Amino acid sequence: MLGFVCLSLLGLSMSARITLLVILGLVLAMSLTNIRTDVIFLCAIIILLVTGVVNQDEAFAGLASHEVIIAASLFIVVGGLTYTGFLNVLVKQLGKPSTLKKAIPRIMFPVAFLSSLIGETTVVAMFINVVRLWTKKLSIAPSKLLIPVSYAACMGGACTLIGSPANLIIANFYHNNTGDNLSFFSPTFCGVVCLIFGVLTMMAMSKFLPNRKSPIEGIDSEDFTAELTVPSDSLLIGSSLDEVGYFDDKKTLRVVAIRRFDNEIVDTVQDDEFIMGGDRLIVTGKTEAILQLCRKEHLENENIEGILMSEGELGTSRRGTIKSSLILMCMVLLSAFNIMPMMQSCLLAAAAMVVCRCCNVDQAMKSIEWDVILIFAGSICIGTALESTELNELLSKWMMSITADNAYWALLIICTVATLVTEFLESTVTAAIFSPIALHMATAMEANPMTFVIALLIAVSSSFATPLASHAHTHVYVPGGYKFSDFSKMGIPMNLVILIINIAICCLVFPLYP
């Protein structure tokens, strides 16, 4: 904050001041209100455009960027994998561990691997049910394994270029500033090393994992757990749980917790509890019953509807699973070995998923998370505003003055600040704000920009101290029965370990002064 005050005294242009105010407003809106994140970003784009900070082309350049097209294509690829039961087949191969220490690496490595390819949210949704089965066998609380699952999903996102939307934003700024492209596996070695140390840290701290009473404890092993969002026009709004008729004494469906639209958690659910618009119901029951509820009452379940369909309605299609996994493999190989540019390989894979009937056109379009696309475009617009107003230069000079132009200290500071900021903001926002600053610092110090870029990429995926830092953390918060402090106790040591390993390995693999 002192830095911003100092900069404001240096005679900033009106455009620079507007940009700072927009960023501050965005941070406050995301932290203190319940306004949808994509709406906040849309407002930011409009303000920057109307005030002339960016022109029309710059305001909406993000929507036409290669990275947005890649992200949209990947959503369709993930949809095809989900609807063919790809995740179910992999999960069934995990077996069941005999102890907690054995369970941690056995679940963290597969979660990280899948998250590096298809994103964290779908993977975490699937593994919540794996955790429920394992913890029942081990006679431990689900809270003992759900934090490791969410941490692994975040670390896995830093192992490939497509693991997280933030990675693609960083790649966009790197290309615009250097003319070079990050490859599919550019962050892989450093990301995997950080993942290994993260798993070892979790194993060493296994005794300190929180032991909380979870709303998913005691559920029948054949039941499925899903988080269903009540839309604002739902007919269920204003009715109590016993009035809607789905949650009867037979308990074919059961609401184990409710996350209110203002993030209030109701973990002791009574029959007279009222349903409100925007509520997220944590429901358990047979997959067929959950699907029937979703379709009849139009409840939203974007992340795991395909998983439910593959188990409850379609069964696992061996042929479809093979086709979708082959398409994924071809996409990765074509991109990784530079046979085809990443955008073309992702588009080809998305088209192949539809042509090969891994998913139909409606399912493909439904798989695209349009709010994420808008957030992505808004993040690029904010980063562009930082560059066009030369705020990135001012901020980088301020940071360099603190570090006495020492590139190693500069790298440490920018990664530390980025990790802390991501504890409370979307990683895409952090990536958009800090990418221009990191690249300018590297240029000014005549250091290797790749070192800064890869270290920043891992840093924005390595925030573990609050449940707000990632959708993965938020997704396990209610099923795990956690308190806010549980993430701080486990996350702060993890932050320190990954930060140190990140800086060390990036400087070894990508020397600052080659």
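Quick note: structure is the one above.
Below is a short write-up of the structure. For clarity, every value in this text was computed on a predicted model and none was experimentally measured. Starting from 1, residues in each chain are numbered consecutively following that chain's sequence as written. Where totals are concerned, whole chains, interfaces and linings use all residues; where local detail is concerned, this predicted model gives features only for residues with pLDDT of at least 70, and gives and counts side-chain atom pairs only at 80 or more. Side-chain metrics in this entry use all non-hydrogen atoms of the structure; hydrogen atoms and water are not considered.

### A word on the overall build of the chain
Alright, step 1. Strands are runs of DSSP state E lasting at least two residues, helices are runs of H or I lasting at least four, and both sets are numbered from the N terminus onward. Counting secondary structure elements, the chain contains 24 helices and four strands.
Alright, step 2. Buried means the residue's accessible area, taken with a 1.4 Å probe over protein chains only, is under 20% of the maximum for its type, while exposed means over 50%, and partly exposed covers the values in between. For the chain, with 514 residues in total, the buried portion stands at 58%.
Alright, step 3. Any two residues whose heavy atoms approach within 4.5 Å are treated as being in contact. Within the chain, counting contacts between residues at least 6 apart in sequence, those at least 24 apart form 79% of the total.

### Here we look at the environment of N177
Alright, step 1. Note on placement: N177 falls in helix α10 (residues 165–178).
Alright, step 2. Distance in space between the C-alpha atoms of N177 and P436 is 8.5 Å, their sequence separation being 259 residues.
Alright, step 3. The contacts of N177, once residues within four sequence positions are left out, are E387 and L439.
Alright, step 4. Polar contacts, as counted here, are pairs of nitrogen or oxygen atoms within 3.5 Å of one another; within protein the pair requires one atom able to donate a hydrogen and one able to accept it, and residues that are adjacent in sequence qualify only if both atoms are side-chain atoms. A polar side-chain atom of N177 sits 3.2 Å from a polar atom in the side chain of E387.

### Observations concerning the state of the cysteines
Alright, step 1. Count a disulfide wherever a pair of cysteine sulfur atoms falls within 2.5 Å. Under the criterion given, the structure shown has zero disulfides.
Alright, step 2. With no disulfide of its own, C506 has C190 as its nearest cysteine by sulfur position, at a separation of 4.0 Å.

### A few points about the pattern of salt bridges
Alright, step 1. Salt bridges, as used here, are contacts in which a Lys or Arg side-chain nitrogen is within 4 Å of a carboxyl oxygen on Asp or Glu. Taken as a whole and assessed by the stated rule, the structure comprises one salt bridge.
Alright, step 2. A salt bridge links D486 to R212, with the nearest nitrogen and oxygen atoms 2.8 Å apart. Residue D486 is found in helix α24 (residues 484–509), and its partner R212 is found in the loop between α11 (188–204) and β1 (224–229); the two are separated by 274 residues along the sequence.

### A word on the packing of α11 against α24
Each pair of packed helices can be summarised by the angle the axes make with each other and by the distance between the axes.
Alright, step 1. Whenever a helix is involved, its axis is fitted only over the stretch in contact; in every case the axis is a line through C-alpha atoms, and angles between N-to-C directions fall within 0 to 180 degrees. For the pair α11 and α24, the least separation of the axes is 9 Å and the interaxial angle reads 150 degrees. Between α11 and α24, the angle is such that the two are roughly antiparallel. Crossing hand, α11 versus α24: right-handed. Here F189, C190, V193, C194, F197, G198, T201 and M202 of α11 come into contact with α24, specifically with M490, M494, V497, I498, I501, N502, I505, C506 and V509.
Alright, step 2. All residues other than Ala, Val, Leu, Ile, Met, Phe, Trp, Tyr, Cys, Pro, Asp, Glu, Lys and Arg, Gly among them, are scored as polar; the first ten of these are nonpolar and the last four charged. Its residues assigned to classes, the contact of α11 with α24 shows 14 nonpolar, three polar and no charged. To sort the angles, those under 35 degrees are grouped as roughly parallel, those over 145 as roughly antiparallel, those from 65 to 115 as roughly perpendicular, and the leftovers as oblique. Crossings are classed by handedness, with left-handed meaning an anticlockwise turn of the near helix from the far one by less than a right angle and right-handed meaning a clockwise turn.

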